[in-house]
Number of protein chains: 2
Amino acid sequence: MAYRETEKMRLRKAGIRQRIFDCAYHRVSQGGFRNASINLVAEDAGVATGSVYRHFESKAELFAEVFREATQIELDKVESALTGQEPALVRLERAIRQFAERALRGPVMAWSLIAEPVDPLVEEERLNYRRSYAEFFERVILEGIEAGTLPPQDAHLSATCLVGALAESLVGPLSPQQQGPVQMPPVGDQSRQKVLIEPIIDFCMQGVSGQRR
Amino acid sequence: MAYRETEKMRLRKAGIRQRIFDCAYHRVSQGGFRNASINLVAEDAGVATGSVYRHFESKAELFAEVFREATQIELDKVESALTGQEPALVRLERAIRQFAERALRGPVMAWSLIAEPVDPLVEEERLNYRRSYAEFFERVILEGIEAGTLPPQDAHLSATCLVGALAESLVGPLSPQQQGPVQMPPVGDQSRQKVLIEPIIDFCMQGVSGQRR
DNA sequence: ATAAAGAGTGAATCAATATTCATTTTTTGT
DNA sequence: ACAAAAAATGAATATTGATTCACTCTTTAT
């Protein structure tokens, strides 16, 4: 024998894989999944088209991974916003406000994650993550019910409704049609954001608590 | 000249167009847009593939029309459920309950209309119709605010949240994955439906009214 | 009956990328 | 330096239905 994979090679391959992944991620964050073909990603990464397939099973796998990475970041933020000693309602409000703010700050990626048409495999990830969001919300709602700060309710359904209300109310403002193909102004100033976000929070908090704010 | 379109011909063409449309509609209602190729629709309708194009601009146009027809029926039902002399909240509840019940009764079509991945042109129709639903809800919310039976709020946002909460909470139960490819039991008995629908209504009514139910 | 015009046909073509794979280049151990 | 092994390449191929269009069949008015 003459060739055996060495540590150096392993590192180089990992680096290339990472570069391909990063370029795919970047493309999506700039122009959505629609603008991210394998050829373009390969070009960005400075490798041949076929090389992408040395590192990823298929296009769908690559972009499912991109989707997971991007969404997990948001999910982590939501989770940590939901964590704390405050009453459940306060934590829910913090999480929802933060999610919406971040979405409006990075509208292209947010739209891709929330609403862009995608491969079935990626769509599956989307459904999984929506369920994950709902599960986090559900847990906090249950805590609130137990602590007596929230009224008894079907926590699972309430959580699902939260996710839906949040997504739907953001889809309009985030959609490329609304934003124009290239969004020059970063979606809107703080006051514009506030006008959008506060009513969402009002609705969601009332839905969960049955209490006027 | 020798040939000029006669009334008889006009009628026959209209009939064929209608038959193609009906077959497309039927295919969607049975197996969603995914199972409705032009070839199959043509076969169902007993015409050649190419003939479909004598009557419809493109596949996307045909199915956009199917989408409109199917959704308009639901929209009309919602509109009439929203109409009446009762307080706004009562009418909203009636409309939402009816929408959800109908969706669960015809889960394949409902899923296609609410969540199935579709052509961009059809997706556009979906967005339009979601906006239409929201507009109807918004009008009623505004009436409620004016009449003093609902608290002041951003009616547009509240309406959008209603649409989102409703859609999201139905997507799970309606999804083919949940249902299995062929849903033998018609989705669930009345009690199952009640368990699903009542919490949705609780959340939505509380979101709009800020009142515990 | 005839021929002009339109309608109907369905096999062939197209389109747009994802994917492959025969070939070339690089790496490694002797 | 050599050759085995693997990695990289990118032009060629595959895929999957939508769409076309040259041809045939019908309808109509004379």
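Residues numbered from 1 in each chain as written. Chains lettered and ligands numbered in written order. Predicted model: local features only at pLDDT ≥ 70, side-chain atom pairs only at ≥ 80, totals over all residues. Heavy atoms only, no water.

Asker: Looking at this model, I keep getting lost on the side chain of S169 of chain A. Mind explaining?
Answerer: With respect to the secondary-structure elements, S169 of chain A resides in helix α8 (residues 155-174). Residue class for S169 of chain A comes out buried when judged on its relative accessible area of 3%. (Helix = DSSP H or I, 4+ residues; strand = E, 2+ residues; numbered from the N terminus. Buried < 20%, exposed > 50% of the residue type's maximum accessible area, 1.4 Å probe, protein only.)

Asker: Looking at this model, I keep getting lost on the protein's contact with DNA strand D. Mind explaining?
Answerer: Residues in contact with DNA strand D amount to 26 residues; listed here are only the nearest, K13 and S51 of chain A together with T6, Y53 and K59 of chain B. In DNA strand D, atoms within 4 Å of the protein come from the sugar-phosphate backbone in 70% of cases. Taking S51 of chain A, its side chain carries an N or O atom lying 2.5 Å from a phosphate oxygen of DNA strand D. Sorting the residues of the surface near DNA strand D by element identifies α1 (7-31) and α3 (49-55) of chain A together with α1 (7-31) and α3 (49-55) of chain B as the ones contributing at least two each. Per-element tally for the surface near DNA strand D: the top contributor is α3 of chain A, with 5 residues. Residue classes in the surface near DNA strand D are distributed as 10 nonpolar, 9 polar and 7 charged. (Near = heavy atom within 4 Å. Polar contact = N/O pair within 3.5 Å; in protein donor to acceptor, adjacent residues only side chain to side chain. Nonpolar A, V, L, I, M, F, W, Y, C, P; charged D, E, K, R; others polar.)

Asker: Explain the protein's contact with DNA strand C to me, please; I cannot follow it from the model alone.
Answerer: T6, Y53 and K59 of chain A together with K13 and S51 of chain B are the nearest of the 26 residues found near DNA strand C. Contact between DNA strand C and Y53 of chain A: a phosphate oxygen at 2.6 Å from a side-chain N or O atom of the residue. Separating a phosphate oxygen of DNA strand C from a side-chain N or O atom of S51 of chain B is a distance of 2.6 Å. At the level of elements, α1 and α3 of chain A together with α1 and α3 of chain B are the ones that each hand at least two residues to the surface near DNA strand C. Sort the elements by how many residues they give to the surface near DNA strand C and α3 of chain B lands first, with 5 residues. Its residues placed into classes, the surface near DNA strand C shows 10 nonpolar, 9 polar and 7 charged.

Asker: Teacher, can you tell me more about the relation of the copies chain B and chain A here?
Answerer: Between the two chain copies there is a screw-like relation: a rotation about an axis and a shift along it. At an RMSD of 0.1 Å, chain B and chain A line up after a rotation of 180 degrees and a shift of 0.1 Å along the axis. Each copy turns onto its partner about a two-fold axis. No C-alpha of chain B lies nearer the rotation axis than that of G207 of chain B, which sits 1.9 Å from it. Both copies share a contact surface, since 100% of the interface residues of chain B are interface residues in chain A too. (Least-squares fit on C-alpha atoms with pLDDT ≥ 70 in both. Contact = heavy atoms within 4.5 Å.)

Asker: How do you make sense of helix α8 (residues 155-174) of chain B when you look at a structure like this?
Answerer: Residue pairs spaced three or four apart in an α-helix point in one direction, given the helix's 3.6 residues per turn. Residue and element names in this part refer to chain B. The end-to-end C-alpha distance of α8 is 28 Å, a good match for the 28 Å that 20 residues give at a rise of 1.5 Å each. Counting buried positions along α8 gives 18 out of 20 residues, so the element sits mostly inside the fold. Of the residues flanking the start of α8, the one acting as N-cap is D154, its side-chain oxygen 3.1 Å from the backbone nitrogen of H156. (Expected span 1.5 Å × (residues − 1).)

Asker: Before we go on, may I ask you to explain the packing of aromatic side chains in this structure?
Answerer: Residue and element names in this part refer to chain A. Tallied over the full model, the rule gives 11 aromatic pairs over all chains. Between F67 and Y129 the ring centres are 6.3 Å apart and the planes differ by 50 degrees, which places this aromatic pair in the tilted class. Residue F67 is located in helix α4 (residues 59-82), and its partner Y129 is located in helix α7 (residues 120-147); the two are separated by 62 residues in the primary sequence. Of the two residues, F67 and Y129, both sit in the buried class. (Phe/Tyr/Trp six-rings, centres within 6.5 Å; stacked < 30°, edge-to-face > 60°.)

Asker: In this structure, what is going on with the interface of chain B and chain A? I would like to understand it.
Answerer: Note on interface size: it is often stated as the accessible area lost on association of the parts. Chain B puts 27 residues into the contact, and the matching count from chain A is 27 residues. Carbon and sulfur atoms make up 67% of the surface buried where chain B meets chain A, a total of about 2,400 Å² over both sides. If you sort the residues of chain B by the area they bury against chain A, E168, F203 and R212 of chain B come out on top, with a joint share of 28%. Inspection of the chain B/chain A interface yields 2 salt bridges. We note a salt bridge from R130 of chain B to E168 of chain A, for which the minimum N-O separation is 2.3 Å. Looking at the side of chain B that touches chain A, the elements that each hand over two or more residues are α8 and α10 (190-209) of chain B. Partitioning the side of chain B that touches chain A into residue classes produces 14 nonpolar, 9 polar and 4 charged. (Buried area = accessible area lost by both parts, 1.4 Å probe. Salt bridge = Lys/Arg side-chain N within 4 Å of Asp/Glu carboxyl O.)

Asker: Could you clarify how one ought to interpret the domain arrangement of chain A in this entry?
Answerer: All names here are of chain A. Per the domain assignment, the segments of chain A are domain 1 (7-56) and domain 2 (60-209). For domain 1 versus domain 2, the distance between C-alpha centres works out to 28 Å. Between domain 1 and domain 2, the contact holds 17 residues from the first and 16 residues from the second. For the pairing of domain 1 and domain 2, the buried interface totals around 1,400 Å² over both sides, and the portion due to carbon and sulfur atoms is 77%. Among the residues domain 1 hides against domain 2, the three largest losses belong to F21, Y25 and F33. Together they make up 46% of the total. The tally of links between domain 1 and domain 2 comes to 1 salt bridge. Two residues, R17 and E65, come together in a salt bridge whose shortest N-O distance is 2.5 Å. At the surface where domain 1 touches domain 2, the tally comes to 3 residue pairs in polar contact (both at pLDDT 80 or more). Secondary-structure elements contributing two or more residues to the side of domain 1 that touches domain 2 are α1 and α2 (38-45). Element by element, the count of residues in the side of domain 1 that touches domain 2 is highest for α1, at 9 residues. Residues that form the side of domain 1 that touches domain 2 fall into these classes: 11 nonpolar, 4 polar and 2 charged. (Domains from an automatic or database assignment.)

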